[in-house]
Amino acid sequence: MSRKSIVLYLHVHQPFRVRHYSVFDGGVRSDYFDAEYHDRTSNERIMHKVAEKSYLATNARLLDLLNRHDGFKLSLSITGTAIEQMKRWSPESLHSFQKLTQTGRVEIVGETYHHSLAFFYDRAEFQDQVDQHRRLIEETFNQTPTAFRNTELAYNNDLAWWADQAGYKVILAEGWDPVLGWRSPNFVYRPTYIEGNLKLLLKNYKLSDDIAFRFGDQSWAEWPLTADKFSHWLSESGDATNFNLFMDYETFGEHQWHESGIFDFLSHLPNAWLSNPDHDFKTVTETVDSYPTTDRVDMPFVVTWADTERDLSAWVGNSMQSQALEAIYSLKDAVLRSGDQKLVDDWRKLQTSDHFYYMCTKWFNDGDIHAYFSPYDNPYDAFIAYMNAWQDMRLRSGEF
Amino acid sequence: MLGWELPPHNSGGLGVACLQLSKSLAKKGTRIDFVVPYVGHEQFDFMNVIYARLAHPWVISGVYDSKLYYEDPTSLGGDIYTVESNYQQAIEQVVSEREFDLIHAHDWLTFRAALRAKELTGKPLILHVHSVESDRAGGKQGNPLVHEIERLGLSIADKIVAVSQLTKQKIVHDYGIPDSKIIVAHNSLDQDYMEELQGENEYQLLSRLKNEGYYVVTNIGRLTIQKGLSSFLRAAQLVLQKKPKTIFVIIGSGDQKRELIELAASLGIARNVLFVDFQRGKRWRDAFAVSDLFVMPSISEPFGLTPLEAAFYGTPSLISKQSGIAEVLKSCLKADFWDIEKMADQICSFVEHSGLKNALSEDLSKELMKLNWDTTAEKLLSTYRQHHGVLVT
């Protein structure tokens with residue numbers, strides 16, 4: 001039997017949602033992110049809810065698993081905006097993440113502080129946000145990321161080239177069939193055109209989605225999914241080396257509710273998987289250090305982990321989104337020149353990709369999932385609130 | 001008089017016009033019983049309002065948009081035809097209890113009740129047309145049942161009052177009514193009903209942008225096809241190529257809102273277009289006051305009161321020639337609703353030349369001073385006398 005590893009990577013993020021900021025607020029108050037507590041756009045309320053249902057509940061189980069199984073490991077990415085919100089409204093959540101990393105078996109993955117799409121709009125701004133995130137991770141978790149993931153796993157050859165130059169050992173991307181062809185995501189790859197040692201790990205979206213999306217679906221043929229059954233599938237998969245299970249952290253307790261049995265699944269997975277001595281868990285960097293690379297993967301176009309298209313259309317697909325993105329980046333020089341740190345922070349918070357996701361009008365196929373994630377009644381309300389905030393920011397930055 | 005709404009329970013200009021016209025007629029000695037189809041407690045010292053206890057005001061206020069209940073009759077929390085025919089029954093009760101000389105009914109919703117009243121009493125019937133179905137349907141035929149009610153009512157009426165030449169032409173065109181049966185009596189603005197501006201303007205964002213050299217060009221109204229707002233946005237795109245420091249503000253709600261937001265974005269002018277929800281009171285008044293220019297680009301506007309309201313708050317207008325108000329108001333810019341380039345050209349000139357703005361504002365305030373309901377009321381009184389005289393002797 002060859003050696004096989006589960007590479008569990010969870011993504012933690014919270015945006016600073018824009019409240020129903022109206023034209024009457026513009027020029028009067030710049031509290032874009034401070035909704036009334038019971039409003040659907042209240043960041044504080046959402047943080048409280050997610051902390052209770054997901055962060056605290058899941059971290060308690062993860063810590064227990066780390067304590068019980070020496071062989072259990074995982075990787076996390078936590079955005080700067082999520083950490084900021086935890087500091088303000090749920091310090092116990094942040095503390096619970098710190099307890100995980102203190103075991104030495106949890107790797108933190110680097111990304112942009114603001115979960116932005118800056119890579120595609122402004123490379124210098126992107127670099128600033130990555131640096132800002134790295135400093136925050138060093139400060140908070142005493143780790144320097146050697147792995148990188150871009151917002152929404154949005155990846156192309158250019159990004160790989162950048163990450164290689166920046167000295168990362170591994171970068172994460174979607175294991176999308178049209179790119180891989182006959183190849184399997186369950187191996188370590190290298191991006192094309194790079195000079196250094198950067199490796200590529202590709203999400204096994206079928207196995208990941210079995211947990212993240214289908215787990216609680218009683219009409220799914222494989223329901224109920226148990227840890228034993230899942231481990232069995234993995235062990236049957238020939239000479240595969242690494243199963244890249246990449247998903248939103250909130251899969252546990254928020255997207256899949258406690259009642260679905262998702263926590264039982266998580267709690268039993270290490271036991272079921274590690275019962276075979278050839279099986280283990282690895283963090284993302286460990287994985288690329290442990291297994292040989294098999295091939296190079298070429299992604300000239302942007303591939304993301306979202307929707308059936310796996311592209312950026314959920315963020316930039318309609319003209320409201322492209323106008324809003326263009327508007328926010330157009331303020332860069334004026335904002336940075338202002339020397340007003342609060343203004344710079346607010347401007348960066350308005351770059352978070354979620355704002356543009358809420359403006360998505362692809363209702364009919366992926367719309368249900370978009371509606372689930374949006375605190376607005378419809379994409380138009382999201383756009384109006386965002387652009388009103390932008391108008392106020394234009395006044396603050398003196399950019400006319 | 002039979003009407004569908006009166007302030008404060010009005011959804012638009014119809015209620016305002018009915019109230020101000022009644023007041024002017026009353027001042028000239030007319031005694032008016034005004035029947036509305038909802039429960040209410042407001043009374044006016046110059047007329048007797050009869051509240052036919054049929055529905056809550058909010059049911060009534062939504063129904064003016066005939067498209068809405070045609071497509072989804074249940075969307076209003078009640079079936080409009082039920083409300084309308086209940087109104088007819090209520091009128092039967094009213095006419096059996098009260099003395100009157102003639103029946104004057106406003107717009108199609110009251111037409112069947114008015115016909116019934118005429119049938120029961122033989123009194124002369126004057127139908128006052130504030131809009132016809134093809135106006136509300138943006139030039140199409142619209143709801144066939146409404147079309148039929150209008151055709152029937154207008155055919156049987158003894159006299160028809162149209163709020164503009166434009167409306168008169170439509171009545172002739174759409175329903176084949178003889179020209180001679182229709183008189184034109186333009187609406188007006190009773191300034192006693194206008195509230196003065198007070199305190200700091202609510203639109204600080206716009207005030208601040210104006211301080212930075214921006215011009216504010218505004219439309220206030222329902223966001224429906226009739227109002228011609230897609231032309232407004234297309235004109236805005238042309239203006240912005242020449243005058244980037246212009247902000248376009250669209251205030252209101254309606255079935256076209258999402259389409260307009262998407263249009264602004266796809267024209268690449270989203271940064272210069274602000275969408276604001278429907279407003280009343282101070283925020284409604286301040287919107288006129290903060291604007292440099294008010295634009296009413298309607299495809300079809302039987303009258304169109306808003307340019308006069310804008311004028312009261314000191315703001316000149318650019319109005320479409322396809323509006324009744326264009327027949328009355330002189331001190332304003334005018335363009336065909338489809339002539340996007342002309343509209344854009346006029347907005348650019350307005351922004352460019354402060355002389356134009358000053359001249360327009362000055363002439364407008366003079367014109368406004370002379371404006372009242374007297375002429376309209378006189379026309380109606382003479383019509384009343386004519387028919388009352390003929391039939392009662």
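### Observations concerning the overall build of chain A
In terms of regular secondary structure, chain A is built from 17 helices and 10 strands. A compact globule built from 400 residues would reach a C-alpha radius of gyration of about 21 Å, and chain A, at 21 Å, matches this within 12%. The 400 residues of chain A split such that 63% are buried. When contacts within chain A are restricted to residue pairs at least 6 apart in sequence, long-range pairs at least 24 apart make up 76% of them. The average position of the 39 basic charges and that of the 58 acidic charges among the side chains of chain A differ by 3 Å.

### Let's talk about the packing of helix 12 (residues 319–330) of chain A against helix 11 (residues 257–266) of chain B
The contact between helix 12 of chain A and helix 11 of chain B brings their axes to 8 Å, and the two run at 50°. Considering the angle they form, helix 12 of chain A stands oblique to helix 11 of chain B. Every pair of crossing elements has a handedness; the one defined by helix 12 of chain A and helix 11 of chain B is left-handed. Residue-level inspection shows A:Ser319, A:Met320 and A:Gln323 of helix 12 of chain A in contact with helix 11 of chain B, the latter providing B:Ile261, B:Glu262, B:Ala264, B:Ala265 and B:Ser266. When the residues that make up the contact of helix 12 of chain A with helix 11 of chain B are grouped by side-chain class, the tally is four nonpolar, three polar and one charged.

### Thoughts on the sheet that holds strand 10 (residues 293–296) of chain B
Paired through their backbone hydrogen bonds, the strands of a sheet run either parallel or antiparallel. Residues and elements named next belong to chain B. The strand order across the open sheet formed by six strands is 9-8-7-10-11-12, and the pairing between neighbours is parallel. Of all the strands in the sheet, just strand 9 (273–276) and strand 12 (333–335) have a single pairing partner and so form its edges. Adjacent strand axes in the sheet meet at a mean angle of 20° when their direction is disregarded. Sheet analysis places strand 7 (residues 215–220) next to strand 10, joined by two bridges and oriented parallel. Within the sheet, the bridge partner assigned to Thr-218 lies in strand 10 and is Phe-294.

### Considering the side chain of A:Asp354
Residue and element names in this part refer to chain A. Inspection of the secondary structure assignment puts Asp-354 in helix 15 (residues 353–357). For the buried Asp-354, no salt bridge exists, and the shortest N-O distance to an oppositely charged side chain is 6.1 Å, to Arg-17. Engagement of the side chain of Asp-354 in a polar contact is seen with the side chain of His-115, the distance being 3.4 Å. Filtering out sequence-adjacent residues up to four positions away, Asp-354 remains in contact with His-13, Pro-15 and His-115.

### Considerations on the pattern of salt bridges
In the structure shown here, the tally under the stated rule is 49 salt bridges over all chains. A:Arg183 is the salt-bridge partner of A:Asp295, the closest N and O atoms lying 2.8 Å from each other. Taken as a pair, A:Asp295 in strand 10 (residues 293–297) and A:Arg183 in the loop between helix 6 (177–180) and strand 6 (188–191) lie far apart in primary sequence, 112 residues in all. Residue A:Arg183 is classed as buried on the basis of its relative accessible area, which comes to 17%. A salt bridge links B:Lys28 to B:Glu378, with the nearest nitrogen and oxygen atoms 3.2 Å apart. Linking B:Lys28 in the loop between helix 1 (13–27) and strand 1 (33–36) with B:Glu378 in helix 16 (residues 374–392), this pair joins segments that are 350 residues apart in sequence. Of the residues examined, B:Lys28 reaches a relative accessible area of 31% and is grouped as partly exposed. Through salt bridges with shared partners, a single network forms among A:Arg19, A:Asp25, A:Arg29 and A:Asp31.

Reading the values: the criteria
- Residues numbered from 1 in each chain as written.
- Chains lettered and ligands numbered in written order.
- Predicted model: local features only at pLDDT ≥ 70, side-chain atom pairs only at ≥ 80, totals over all residues.
- Heavy atoms only, no water.
- Helix = DSSP H or I, 4+ residues; strand = E, 2+ residues; numbered from the N terminus.
- Rg over C-alpha atoms; globule rule 2.2 N^0.38 Å.
- Buried < 20%, exposed > 50% of the residue type's maximum accessible area, 1.4 Å probe, protein only.
- Contact = heavy atoms within 4.5 Å.
- Lys, Arg positive; Asp, Glu negative; His and termini not counted.
- Charge placed at Lys NZ, Arg CZ, Asp CG, Glu CD.
- Axes fitted to C-alpha atoms, helices over the stretch in contact; angles between N-to-C directions.
- Parallel < 35°, antiparallel > 145°, perpendicular 65-115°, else oblique.
- Left-handed = near helix turned anticlockwise from the far one by under 90°.
- Nonpolar A, V, L, I, M, F, W, Y, C, P; charged D, E, K, R; others polar.
- Pairing = 2+ DSSP bridges.
- Salt bridge = Lys/Arg side-chain N within 4 Å of Asp/Glu carboxyl O.
- Polar contact = N/O pair within 3.5 Å; in protein donor to acceptor, adjacent residues only side chain to side chain.

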